[in-house]
Amino acid sequence: MMRSMYSAVSGLKTHQTKMDVIGNNIANVNTVAFKSSSVVFQDVLYQMTSNASGANAATGTGGVNAKQIGLGVTTGATNLSITTSGAAETTGRAFDIRLSDQSTTNFFVVNNGSENLFTRAGSFYVDGAGNLCMTSTGYTVMGWQVDPTTGNIKKDTVSALRVMQTSNLTSAPEATTQANVSGIIDKNDKDVLSDNGLVKTLTFFDNLGYSYTARFAMKSTGTDGKYTVELEKILNSDGTTFYDPETSKVDLSDIFGAKTTNATLGTYSQVQSGYYYDSAKDKFYVGSDATGTELEWDATTSTFKEKNAPTNTHSLKQVYGISDAMVSKIGGGQAKAAIAKGTLTISGDVTDYAIDFSTKDGTFTGVGARTSNNKTNSVTLNMSKLGNNPTQFDDITIDFSGLKDANNGGKSTAVMSTGSIDDGVTGKGKKLGAMIGISIDNNGLITGIYDNGNKETLGQIAVAQFANASGLEKVGENCYRTTLNSGEFDGIGDEISADGSSMTSGELEMSNVDLSTEFTQMIITQRGFQANSRIITTSDTLLEELVNLKR
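Residues numbered from 1 in each chain as written. Predicted model: local features only at pLDDT ≥ 70, side-chain atom pairs only at ≥ 80, totals over all residues. Heavy atoms only, no water.

Asks: Hey, could you run me through the overall build of the protein chain in this one?
Replies: Scanning the protein chain for helices and strands turns up 6 helices and 38 strands. Taking 2.2 N^0.38 as the reference for a compact globule, 551 residues should give roughly 24 Å; the C-alpha atoms of the protein chain span a radius of gyration of 46 Å, well beyond that estimate. Principal-axis analysis of the C-alpha atoms places the extent of the protein chain at approximately 170 × 45 × 45 Å. A buried classification covers 39% of the 551 residues belonging to the protein chain. Excluding contacts between residues fewer than 6 apart, the proportion of contacts in the protein chain whose partners are at least 24 apart in sequence is 60%. Across the protein chain, 44 positive and 58 negative side-chain charges occur, with their mean positions spaced 2 Å apart. (Helix = DSSP H or I, 4+ residues; strand = E, 2+ residues; numbered from the N terminus. Rg over C-alpha atoms; globule rule 2.2 N^0.38 Å. Buried < 20%, exposed > 50% of the residue type's maximum accessible area, 1.4 Å probe, protein only. Contact = heavy atoms within 4.5 Å. Lys, Arg positive; Asp, Glu negative; His and termini not counted. Charge placed at Lys NZ, Arg CZ, Asp CG, Glu CD.)

Asks: What am I meant to see in the sheet that holds strand β30 (residues 415-418) here?
Replies: To summarise the sheet geometry, strands pair through backbone hydrogen bonds and adopt either a parallel or an antiparallel arrangement. On the basis of which strands lie adjacent, the open sheet formed by 4 strands has the order β28-β29-β14-β30 and mixed pairing. Two strands bound the open sheet, and with one partner strand each, they are β28 (378-381) and β30. With direction set aside, neighbouring strand axes in the sheet form an average angle of 25°. Bridging between strand β14 (residues 178-185) and strand β29 (residues 396-405) involves 7 bridges; their strand directions are parallel. What sits directly across from Gln178, in β29, is Thr397. (Pairing = 2+ DSSP bridges. Axes fitted to C-alpha atoms, helices over the stretch in contact; angles between N-to-C directions.)

Asks: Sorry, what's going on with the sheet that holds strand β24 (residues 313-314) here?
Replies: Taken together, 5 strands build an open sheet; the order of strands is β20-β21-β22-β23-β24 and the sheet is antiparallel. Both outer strands of the open sheet, β20 (275-278) and β24, are each paired with one neighbouring strand and no more. Sheet topology places strand β22 (residues 293-298) next to strand β23 (residues 303-306); 4 bridges connect them, and they run antiparallel. Opposite Asp298, over in β23, you have Thr303 as the bridge partner.

Asks: When you look at helix α6 (residues 515-547) in this model, what are you seeing that I'm missing?
Replies: Three- or four-residue spacings in an α-helix give side chains the same orientation, since the helix completes a turn every 3.6 residues. Taking 1.5 Å of rise per residue, 33 residues should cover 48 Å, and α6 covers 48 Å from first to last C-alpha, within 8% of that figure. Among all positions of α6, only Glu518, Thr525, Gly528, Asn532, Ser533 and Ser539 are buried. Looking at the packing, one finds that the buried side of α6 touches α1 (2-27). (Expected span 1.5 Å × (residues − 1).)

Asks: Is there a simple way to think about unusual backbone geometry in this case?
Replies: Trans is the common state for peptide bonds, and a negative phi is the common state for residues other than glycine. One non-glycine residue with positive phi stands out, namely Ala33, at about 60°. Considering the arrangement of structural elements, one finds Ala33 in the loop between α1 and β1 (37-43). The backbone phi angle of Glu477 is positive, close to 55°, even though this residue is not glycine.

Asks: Teacher, can you tell me more about the nonpolar core here?
Replies: Proteins that are soluble and globular tend to have nonpolar side chains buried together. Membership of the largest hydrophobic core comes to 36 residues, with the highest contact counts inside it found for Phe216, Leu231, Phe256, Leu381, Ile398 and Phe400. In terms of nonpolar packing, the next biggest core, distinct from the first, is built from 25 residues, Val126, Leu132, Ile440 and Ile461 among them. (Core = buried A, V, L, I, M, F, W, Y, C linked by side-chain atoms within 4.5 Å.)

Asks: Help me out: how do you make sense of the pairing of strand β25 (residues 335-340) in this one?
Replies: Every regular strand shows the same layout, with side chains that alternate between the two sheet faces. Where β25 lies against strand β26 (residues 343-357), 6 bridges are found, and the strand directions are antiparallel. Looking across to β26, one finds that Ala335 is bridged to Gly348. Connecting the antiparallel pair β25 and β26 is a turn made up of 2 residues, with Lys341 showing a positive phi of about 55°.

Asks: I would appreciate a short explanation of the packing of aromatic side chains in the present structure.
Replies: The relation between two aromatic rings is expressed through the spacing of the ring centres and the mutual angle of the planes. Taken as a whole, this structure holds 20 aromatic pairs when the rule is applied. Aromatic pair Phe118 and Phe466: ring centres 5.0 Å apart, planes at 80°, arrangement edge-to-face. Here Phe118, found in strand β8 (residues 116-119), pairs with Phe466, found in the loop between β34 (463-465) and β35 (473-476); they are 348 residues apart in sequence, far enough to count as distant. The pair formed by Phe118 and Phe466 is uniform in burial state, with each residue classed as buried. (Phe/Tyr/Trp six-rings, centres within 6.5 Å; stacked < 30°, edge-to-face > 60°.)

Asks: When you look at the pattern of salt bridges in this model, what are you seeing that I'm missing?
Replies: Two side chains of opposite charge can pair, provided their charged atoms sit close to one another. In the structure shown here, the tally under the stated rule is 19 salt bridges. Between Asp96 and Arg93 there is a salt bridge whose closest N-O contact spans 2.4 Å. Take Asp96: its relative accessible area is 2%, and that puts it in the buried class. Measuring nitrogen to oxygen at the nearest pair gives 2.7 Å for the salt bridge that ties Arg120 to Asp101. Here the residue Arg120 occupies a position in the loop between β8 and β9 (124-126), and Asp101 occupies one in the loop between β6 (97-100) and β7 (106-111), the gap between them amounting to 19 residues. (Salt bridge = Lys/Arg side-chain N within 4 Å of Asp/Glu carboxyl O.)

Asks: Mind showing me how you'd approach the pairing of β23 here?
Replies: Connecting β22 to the antiparallel partner β23 that follows it, the hairpin turn spans 4 residues, and Ser302 within it adopts a positive phi of roughly 55°. Sheet analysis places β23 next to β24, joined by 2 bridges and oriented antiparallel. Pairing of Phe304 across the sheet is with His314, part of β24. If you look at the hairpin formed by β23 and β24, you'll find 6 residues sitting between the two strands.

Asks: What is the right way to read the side chain of Thr228 from this model?
Replies: Note that Thr228 resides in strand β17 (residues 226-236). Setting aside residues up to four positions removed in sequence, Thr228 forms contacts with Ala217, Met218, Lys219, Thr221, Asp352, Tyr353, Ala354, Ile355 and Arg370.

Asks: Looking at this structure, I do not really get the side chain of Asp186. What am I missing?
Replies: Note on placement: Asp186 falls in the loop between β14 and α2 (190-193). One buried charged residue, Asp186, remains without a salt bridge, the closest side chain of opposite sign being Lys187 at 7.5 Å. A distance of 3.3 Å separates the side chain of Asp186 from the backbone nitrogen of Gly409, its partner in a polar contact. Leave out the neighbours within four places in its chain, and Asp186 touches Val192, Tyr227, Ala406, Asn407, Asn408, Gly409, Gly410, Lys411 and Ser412. (Polar contact = N/O pair within 3.5 Å; in protein donor to acceptor, adjacent residues only side chain to side chain.)

What follows is the structure, encoded as structure tokens:
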């Protein structure tokens, strides 16, 4: 009689255990990456009232089975549904990561300061020290670091991923090594025809990330399909002069251009308003006709003098309208002026490159020294000859093959840009980059994004895989610890893509608790508990009847 009561008591206790598990599952229905548990019952020790006997051939009797009475139930196991993934929850946060398993259950490796633990909860953030951490506990996320010599991930013992350490906040600058010129040069463009030329600028970087601006002037030679380009000066980023050929000890021909002696710098065939040239008499006058004051050309002083008052002079700028720069060159002895049949020709030494085009279709044919017959697509700005040290600058190859000589209504569209003419990126050069973002790809690779266009690998999140993931021990705070039955963690971890699994940034794994299943199990457990309580009350009634027999 007492056995039934004790069996019922074990049933009450076991069903209470199952209700505890169900309650815990429902309580964590919204816990990130929570894994539900279930209870498996098993019967306990049986009392043998009669042993089994075998068949007896002599007597002709058969065997008899053992007579056993069970003594109740106990908890056989608590199964963890760890291999079943929860649904995805979109958060939009870059550091929220969901593990998508293919054939193996994966876990993030985190460290609490004394040991490695494992979690499926991928809600992370970057703490004040720059470490990638769990938002709930502050445990650091473990992974692989970048090999500083190669820039690649070094897959050895996992360590804390300090993605925003000081060295990661900036990206190294790059010196400009390539540039290109593209667009149209129109021979009727007033700027191209002027003494100052069509001024174009090229902004580039040195190896330290400082920017500079080179000023170039493109000019017409007066011959169809032939132009020149020369370097005027190089400016610092604040507008001050870094290099001026007029004052620098470094010769311009060492930086940009080929030196040509006695080259034609300009030809002028029209006098300015207020002056008159009589082509029949080959004479110059002040005024609008030959009745004005006659002028005589003085080649020695490169000025016009009034014939009847030689002390009264008229400059080339007044008569022909030449530029101040040209006046300066003549005055400084760098150029000479000659007049023949009313045409002023200024010649002198010049350092520049010639740009040639086909007179048939205006296509680019080459750039190089004026006297060269083997012009190429590019010339070099020898910046390595300048700077505080030989390594401050890299030489810049400038490709002119993108230019075209064509009629564009007197408007030139030529532009100078850094980068190769093929992709506009190679050799472009970059300033020192400041971090503006971090991305995590499907393989757990963490990449820093910088405002100079660079992307650099900062580390990689490693995952742990176990032979028996269900054998892990729950330690709370969404974490697990290895046990003898789960398999050990080797300290290195695995790359999640090894078996086709992946990480998804901006999502979290939800709890895998199924409320419909839990409510069903709750009803079953309730009925089981009620049935066991009835065993106790019924056995008590029987005992009461037995006691009442003495009456």
